[in-house]
Amino acid sequence: MTKLSVENVSKRFPTRAEPLVVLRNVSLELGQSRNVAVVGPSGSGKSTLLSIIGTLESPSSGHVFLDGQDPAELNEPLLAVFRNQKIGFVFQDHHLLPQCTVLENVLLPTIAAGPTRREAVDRARMLLDRVGLGDRRDHRPAELSGGERQRTALARALINEPVLLLADEPTGNLDRSTAERVGELLLELQEQEQMMLIVVTHSQRLAGLMSRQLELNDGRLREMTNDQ
Ligand code: ADP
Ligand code: MG
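All values derive from a computational prediction rather than experimental measurement.

A.B. asks: I would appreciate a short explanation of the sheet that holds strand β4 (residues 61–66) in the present structure.
C.D. replies: Neighbouring strands of a sheet are bound in pairs by backbone hydrogen bonds; such pairs are parallel or else antiparallel. Read across the open sheet, the 3 strands follow the order β2-β1-β4; overall the sheet is antiparallel. Edge positions in the sheet fall to β2 (20–31) and β4, since each has one partner strand and no second. Averaged over all adjacent pairs, the angle separating strand axes in this sheet is 15 degrees, with direction ignored. Relative to β4, strand β1 (residues 2–13) is paired through 5 bridges, and the arrangement is antiparallel. By the bridge assignment for β4, Ser5 is matched with Phe65.

Listed below in structure tokens is the structure:
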């Protein structure tokens, strides 16, 4: 079943001269619990595409349907709830709050729904166990390594059981062996949690772990074939 459908999305940014066209009629379909890598040169619009799919930005034209909903039809408060419930984000930088513990950071996306519930704490503990940080729950981000921070960010992205996980250069700041471990973990969790995963990466190795590879170039998204 198709859970994500990106239909003819274009994105133009106004400039003082001609508008900058970043995405040109980009389309993408993703079924439940499928994964895909997006590669492409710097500045080719990968982050812009993820922001549009992640409902953080609107397309200039075209539509995104996620889990049966067109987010463009939602007003800002409903959109915030939709995003919080349906989508997990992992960025190149971990964006953890330094004053909060690892466990509190993982629980942050649950706060919007009201007081922290027992089940949320149980799930946060389970996710931290799965990313190998069960014994670091009470530590602060400054006491963790780069890989451990990114694994915390991964647990945080999954706390609300998203249908879609968006990862923008998730291993870009990590050394090679740490990046490999985080990449494998990303895939393991995606399979276990049966979410859709879109990962933007410069790492051929990480892209190669995904079942599909797409390339964004000159505003167009194309399927990469294995003989390239
Ligand atoms: P990538 O992630 O592939 O490196 P981006 O999506 O970040 O590329 O950016 C694609 C292009 O769009 C770049 O030329 C960038 O400068 C431009 N761009 C991104 N966001 C904005 C914005 N808010 N306003 C104007 N131009 C932008
Ligand atoms: Mg980018």
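This is not the end of the story, as more comes after the structure.
A.B. asks: What is the right way to look at the site of ligand 1 in this model?
C.D. replies: Taken together, the neighbourhood of ligand 1 is formed by Phe13, Leu20, Val22, Pro41, Ser42, Gly43, Ser44, Gly45, Lys46, Ser47 and Thr48. In this structure, an oxygen atom belonging to ligand 1 sits 2.8 Å away from a side-chain N or O atom of Lys46. Note that an oxygen atom of ligand 1 is positioned 2.9 Å from one of the side-chain N or O atoms of Ser47. Here ligand 1 loses 56% of its free accessible area of 560 Å² to cover by the protein chains.

A.B. asks: Explanation requested: helix α4 (residues 118–130) in the structure shown.
C.D. replies: Because each turn of an α-helix spans 3.6 residues, side chains separated by three or four positions end up pointing in the same direction. Helix length check: α4, at 13 residues, gives a terminal C-alpha distance of 18 Å against a target of 18 Å (1.5 Å per residue), a fit within 8%. Along its buried surface, α4 packs onto α3 (102–107), α5 (146–158) and α6 (176–193). Trailing α4 by a residue or two, Gly132 shows a phi angle of about 80 degrees, which is positive.

A.B. asks: Help me understand the packing of aromatic side chains, please; the structure alone is not making it clear to me.
C.D. replies: Considering all chains together, one arrives at 1 aromatic pair under this definition. Between Phe89 and Phe91 the ring centres are 5.8 Å apart and the planes differ by 0 degrees, which places this aromatic pair in the stacked class. Judged by its relative accessible area of 17%, Phe89 is buried. Here Phe91 falls in the partly exposed class, since its relative accessible area comes to 33%.

A.B. asks: When you look at the pattern of salt bridges in this model, what are you seeing that I'm missing?
C.D. replies: Once their charged atoms are close, side chains differing in charge can pair, the charge on each being opposite to the other. Taken as a whole and judged by the stated rule, the model has 12 salt bridges. With its nearest N and O atoms 3.6 Å apart, the salt bridge here joins Lys11 to Glu57. Linking Lys11 in strand β1 with Glu57 in the loop between α1 (46–53) and β4, this pair joins segments that are 46 residues apart in sequence. For Glu223, the salt bridge goes to Arg212, with nearest N and O atoms at 2.8 Å. A residue pair is termed long-range when its members are at least 10 positions apart, and Glu223 in strand β9 (residues 220–223) and Arg212 in the loop between α7 (204–209) and β8 (213–217) qualify at 11 residues. Arg212 sits in the partly exposed class, given a relative accessible area of 24%.

A.B. asks: Explain the environment of Leu209 to me, please; I cannot follow it from the model alone.
C.D. replies: Residue position: Leu209 is located in helix α7. Taking the relative accessible area as the measure of exposure, Leu209 reaches 30% and is therefore partly exposed. The spatial distance from the C-alpha of Leu209 to the C-alpha of Glu119 is 32 Å, given a sequence separation of 90 residues. Residues contacting Leu209, with those up to four places away along its chain left out, are Gly183, Glu184 and Leu187.

A.B. asks: Is there a simple way to explain the packing of α5 against α6 in this structure?
C.D. replies: For any two helices packed against each other, one specifies the inter-axial angle together with the distance between the axes. Put simply, α5 and α6 touch, their axes get as near as 10 Å, and they point 15 degrees apart. Relative to α6, the element α5 lies roughly parallel. Crossing angle aside, the handedness with which α5 passes α6 is right-handed. Contacts from Gly147, Gln150, Arg151, Leu154 and Leu158 in α5 reach Thr178, Val182, Leu185, Leu186, Leu189 and Glu193 in α6. Among the residues making up the contact of α5 with α6, the classes are represented as 6 nonpolar, 3 polar and 2 charged.

About the cut-offs
- Here the residue numbers are simple positions, counted from 1 along each chain's written sequence.
- To label them, take the chains in the order written and letter them from A, then take the ligands in the order written and number them from 1.
- Local features are withheld for residues below a pLDDT of 70 in this predicted model, meaning they are given only at 70 or higher, and side-chain atom pairs are given and counted only at 80 or more; totals for whole chains, interfaces and linings count all residues.
- Values reported for side chains reflect all heavy atoms of the structure, with hydrogen atoms and water molecules removed beforehand.
- Pairing between strands is defined by DSSP: at least two bridges between the two strands are required.
- Starting at the N terminus, helices and strands are each numbered in turn, a helix being any DSSP run of H or I of at least four residues and a strand any DSSP run of E of at least two.
- For every element, the axis is a line fit to its C-alpha atoms; helices are fit only across the contacting stretch, and the angle between N-to-C directions ranges from 0 to 180 degrees.
- A molecule or strand has a residue near it when one of that residue's heavy atoms lies within 4 Å.
- Definition of a polar contact: a pair of N or O atoms within 3.5 Å, with one able to donate and the other able to accept a hydrogen when the atoms are protein atoms, and with sequence-neighbouring residues admitted only if both atoms are side-chain atoms.
- All accessible-area figures derive from a Shrake-Rupley calculation using a 1.4 Å probe, and residue coverage is judged against the displayed protein chains alone.
- A helix is expected to span 1.5 Å for every residue after the first.
- Any two residues whose heavy atoms approach within 4.5 Å are treated as being in contact.
- Between 30 and 60 degrees the pair is tilted, below 30 it is stacked and above 60 it is edge-to-face, where a pair is any two Phe, Tyr or Trp rings, Trp via its six-membered ring, whose centres lie within 6.5 Å.
- Exposure classes here rest on a 1.4 Å probe applied to the protein chains alone. A residue is buried below 20% of its type maximum, exposed above 50%, and partly exposed in between.
- Salt bridges are identified by distance alone: a Lys or Arg side-chain nitrogen within 4 Å of an Asp or Glu carboxyl oxygen.
- Here the angle decides the label: under 35 degrees means roughly parallel, over 145 means roughly antiparallel, 65 to 115 means roughly perpendicular, and every other value means oblique.
- The handedness criterion is simple: a crossing whose near helix is rotated anticlockwise from the far helix by less than a right angle is left-handed, and one whose near helix is rotated clockwise is right-handed.
- Following the grouping adopted for this structure description, the nonpolar residues are Ala, Val, Leu, Ile, Met, Phe, Trp, Tyr, Cys and Pro, the charged ones are Asp, Glu, Lys and Arg, and the polar ones are all others, Gly among them.

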